Amino acid sequence: MSAKRSKAGETAVTCTAPVNIAVIKYWGKRDEKLILPINSSLSGTLDQAELHAKTTITASDEQAHDQIFLNGKEEDISNPRLQNCLQEIRARAAAKDSSHPLLKQHVKIVSENNFPTAAGLASSAAGYACLVYCLAKLYGVEDTELSSIARLGSGSACRSIYGGYVSWEMGEKSDGSDSIALQVADHTHWPLDVLILVVSAAKKTVSSTAGMQTTVKTSDLIDHRAKHVVPARMAQMKKAIADKDFQTFAKLTIQDSNQFHAVCLDTYPPITYLNDVSKAIIHLLSKYNDLSGCIKAAYTFDAGPNAVIYAQKEDVPEILNLVAQFFPPVAEETQFLRGRTQAVPAVLSPALADKLSACPVMPGGVSYVLHTGIGPGPQVVECVCSLSLS
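Everything quoted here is computed from the prediction, not taken from an experiment. (Residues numbered from 1 in each chain as written. Predicted model: local features only at pLDDT ≥ 70, side-chain atom pairs only at ≥ 80, totals over all residues. Heavy atoms only, no water.)

S.K.: Hey, could you go over the pairing of strand β8 (residues 67–70) for me, with residue numbers and the actual values?
M.R.: Note: β8 against strand β10 (residues 106–113), four bridges, orientation parallel. Looking at β10, one finds that Ile-68 is bridged to Ile-109. In terms of strand pairing, β8 meets strand β9 (residues 73–75) through three bridges, oriented antiparallel. Opposite Ile-68, over in β9, you have Glu-75 as the bridge partner. Linking two consecutive strands that pair antiparallel, namely β8 and β9, is a turn of two residues; a positive phi of about 50° is found at Asn-71 within it. (Pairing = 2+ DSSP bridges. Helix = DSSP H or I, 4+ residues; strand = E, 2+ residues; numbered from the N terminus.)

What follows is the structure, encoded as structure tokens:
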């Protein structure tokens, strides 16, 4: 068991969990309560050095009732999804040891993200994966299948239970027991780089949960996508990852992002997560890939305006130059490039810049670029004091 006794009658554990960005999108549920999807999905887990949720859970005799704090603010502990995760972990702990000492204690959960919450950056996935992983460590049930529990909090959270490349198999059983995440390849297999172009950190106007419900009810395209498009793409994507075939990986990533947003537009009333800057990014990168004679920048957009680019390491400097040229920062005091790379040349090669001259320049359109890559799954953190709240 990884939990530590910090003082008499108190046990605490701190963990971090990663964000994942889907390349084959999950959109739509066949069961709202169990969060069972209408199609399988596949994602890359991002390095926690740049993006993560961090959670400390403390169980103590002095804690009168369960509590949760998110980014410094107390939230409603009775949230059904949160309760589902808590109850399932405690049930597994009781099944393993009915006299488990922590079952008589309440917990205080303190969680924070080092990135904007609910801005289309998979904050709920990282948050619930971290919660479940941390609870499993606290109660000593980390040896059980955890992705199905994380799924009860947020569907895509099940994919953040593993590092590298992860599939969420939709399953067929009504109880959801076969709707689990599986690691396709670990993070050392094919460590692609990832660039996140933050267009807006604002909370999205239509939540993923609400958007999915409306799409399933009103879109004719979603059924075709789930039954006839995604199964083939899942097989092709898994093979591309196994073979380290970037061209196939990149084309599928772009096509699936485009189709996801087409389905959102087919929803009634239509859902629009992309804004004018998002569309300009798509136009620029499509032109860039075409001029390059191959795909160098594999863009994808989740339910928000922020672009995520999967790329091979050798192409990252040129892509960063491209973004800086066409979406230059307007505030000098703001660090435009963050993460793995700390500086970027401001000038694009004259030949390429000339060929792309018809693309619009949008100063300030991209707030900043976060350079990260494929990384490992949840981890235990030794220090717990930094997140303490009284």
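S.K.: Explain the packing of aromatic side chains to me, using residue names and the numbers behind them.
M.R.: The full count for this structure, using the stated rule, is ten aromatic pairs. Consider the rings of Trp-190 and Phe-246, whose centres lie 6.4 Å apart with planes at 80°: the pair is edge-to-face. One end of the pair, Trp-190, is in the loop between β12 (181–185) and β13 (193–198); the other, Phe-246, is in helix α6 (residues 246–266), and 56 residues separate them in sequence. Looking at Trp-190, the relative accessible area reads 8%, which means it is buried. Summarising the aromatic geometry, the rings of Phe-249 and Tyr-310 are spaced 5.4 Å apart at their centres and angled 75° between planes, so their arrangement reads as edge-to-face. (Phe/Tyr/Trp six-rings, centres within 6.5 Å; stacked < 30°, edge-to-face > 60°. Buried < 20%, exposed > 50% of the residue type's maximum accessible area, 1.4 Å probe, protein only.)

S.K.: Residue-level account of the environment of Ile-149, with values.
M.R.: Note on placement: Ile-149 falls in helix α3 (residues 147–153). Note on Ile-149: relative accessible area 0%, which makes it buried. Taking the C-alpha atoms as reference points, Ile-149 and Lys-108, 41 residues apart in sequence, are found 19 Å from one another. When residues no more than four places from it in sequence are discounted, the contact partners of Ile-149 are Cys-85, Glu-88, Ile-89, Arg-92 and Val-132. (Contact = heavy atoms within 4.5 Å.)

S.K.: If you had to explain the pairing of β13 to someone new, which residues and values would you point to?
M.R.: Across a regular strand the side chains alternate sides, sitting on one face of the sheet and then on the other. For β13, the buried fraction is high: six of the six residues fall into the buried class. Neither face of β13 is exposed, since Asp-193, Leu-195 and Leu-197 on one face and Val-194, Ile-196 and Val-198 on the opposite face are all buried. Of the strand pairs in this sheet, β13 and strand β15 (residues 307–311) are connected by five bridges, and their pairing is antiparallel. When the bridges of β15 are listed, Val-194 appears paired with Tyr-310. Across six bridges, the pairing between β13 and strand β17 (residues 368–373) is antiparallel. Of the residues in β17, the one forming a bridge with Asp-193 is Gly-373.

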